[in-house]
Amino acid sequence: QKLIESALDGGDEAAWQPELVILYGDLDGPGATARIARAEQWLPEHPEDAGLLLALGRMCFRQRLWGKAQSYLEASLAEQPTRGAHLELARLLDRIGREPEAARHYRAAADAALPA
């Protein structure tokens, strides 16, 4: 965690590594709320980074911050519709009892996985 944070805190565009942001969103264990707060500090510099928004959505989902998770996942999809973001949003919508909307995102995730 500390290595990823120090790599991403560089402050310049050259130091920003989207792959590390995704990895950061997958970290588990104690300090989840602090990781969310840290990732939110990166948003002003990278407001349109779909990976950062997806990572925040995943972290908020694990903390059961349903509204925040949904907002971040929808923002990620608006920037770059990916299979992963559709799946995460579908799981969230399933979890909160919105099955018809979840089914739409499951279908979109399946469609995204198909070759063109």
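Anything mentioned here points back to the structure above.
Sequence order as written defines residue numbering, which begins from 1 separately in each chain. It should be noted that, the model being predicted, local features are given only for residues of pLDDT at least 70 and side-chain atom pairs only at 80 or more, the latter also being counted only at that level, while totals for whole chains, interfaces and linings use all residues. Calculated side-chain values reflect all of the structure's heavy atoms, with hydrogen atoms and water omitted.

Novice: Looking at this structure, I do not really get the nonpolar core. What am I missing?
Specialist: Inside soluble globular proteins, nonpolar side chains tend to come together where they are buried. Joining through side-chain atoms within 4.5 Å is the link that ties buried Ala, Val, Leu, Ile, Met, Phe, Trp, Tyr and Cys residues into a set, and such a set is a nonpolar core. Classification of residues uses two cut-offs on accessible area relative to the type maximum, computed with a 1.4 Å probe and protein chains only: under 20% is buried, over 50% is exposed, and between them is partly exposed. Counting 27 residues, the largest nonpolar core has L8, A39, W42, L52 and L56 as its most contacted members. For this core, the secondary-structure elements that each account for two or more residues are α1 (2-8), α2 (18-26), α3 (32-42), α4 (50-62), α5 (66-79) and α6 (83-95). Only DSSP runs of H or I reaching four residues or more are called helices, and only runs of E reaching two or more are called strands; each is numbered from the N terminus. Counting residues per element, this core draws most heavily on α4, at eight residues. The contact criterion used throughout is that any non-hydrogen atoms of two residues lie within 4.5 Å. Apart from residues no more than four positions distant in its own chain, L8 is found in contact with W16, Q17, L20, V21 and W42.

Novice: Explanation requested: the packing of aromatic side chains in the structure shown.
Specialist: Centres within 6.5 Å are what make two rings of Phe, Tyr or Trp a pair, Trp counting through its six-membered ring; a difference in plane orientation under 30 degrees is then read as stacked, over 60 as edge-to-face, and the rest as tilted. Using the criterion set out here, one finds three aromatic pairs in the structure. Look at W16 and W42: their rings are 5.8 Å apart centre to centre, the planes differ by 75°, and that puts the pair in the edge-to-face class. Of this pair, W16 sits in the loop between α1 and α2 while W42 is found in helix α3, placing the two residues 26 residues apart along the sequence. On the basis of relative accessibility, which here comes to 9%, the residue W16 falls in the buried class. Ring pairs connect the aromatic residues W16, Y24 and W42, which therefore count as one cluster.

Novice: Which parts of the structure should I look at to understand the environment of E13?
Specialist: Residue placement: E13 occurs in the loop between α1 and α2. Look at E13 and you get exposed, because its relative accessible area is 55%. Distance from E13 to E45, taken between C-alpha atoms, is 8.8 Å for residues 32 residues apart in sequence. Setting aside its immediate chain neighbours within four residues, E13 contacts E45 and H46.

Novice: Is there a simple way to explain the side chain of H46 in this structure?
Specialist: Tracing the chain through its elements places H46 in the loop between α3 and α4. Contact partners of H46, with chain neighbours within four places excluded, come to E13, W16 and L52.

Novice: I tried to follow α6 on my own but got confused; where do I start?
Specialist: An α-helix turns once every 3.6 residues. As a result, residues three or four positions apart point the same way. Taking 1.5 Å per residue, 13 residues should reach 18 Å; α6 reaches 18 Å between its end C-alpha atoms and fits that length. Burial in α6 covers these residues: A85, H86, L87, E88, L89, A90, L92 and L93. Looking at the buried positions of α6, the neighbouring elements they touch are α4, α5 and α7 (99-113). Note on α6: the residue one or two positions beyond its end, G97, has a positive phi of about 85°. Here a helix's expected span is defined as the number of its residues, less one, multiplied by 1.5 Å.

Novice: Looking at this structure, I do not really get unusual backbone geometry. What am I missing?
Specialist: Glycine aside, the phi torsion of most residues is negative, and most peptide linkages are trans. A positive phi angle, close to 60°, is found at R64, a residue other than glycine. Relative to the elements of secondary structure, R64 occurs in the loop between α4 and α5. Judged by its relative accessible area of 56%, R64 falls in the exposed class.

Novice: Quick question: what am I supposed to make of the pattern of salt bridges here?
Specialist: Working definition: two side chains of opposite charge can pair if their charged atoms are close together. Basic side-chain nitrogens of Lys or Arg form a salt bridge, by our definition, when they fall within 4 Å of a carboxyl oxygen of Asp or Glu. Per the counting criterion, the structure on display carries eight salt bridges. We note a salt bridge from R38 to D9, for which the minimum N-O separation is 2.4 Å. Taken together, the positions of R38 in helix α3 and D9 in the loop between α1 and α2 put the pair 29 residues apart, joining distant regions of the chain. Owing to a relative accessible area of 36%, D9 belongs among the partly exposed residues under this scheme. Between R91 and E88 there is a salt bridge, with the nearest N and O atoms lying 3.3 Å from each other. Residue R91 and its partner E88 are located together in helix α6, separated by three residues, close to a single helical turn. Looking at E88, the relative accessible area reads 12%, which means it is buried. A cluster of three or more residues bridged by salt bridges with shared partners is formed by D26, R58, E88 and R91.

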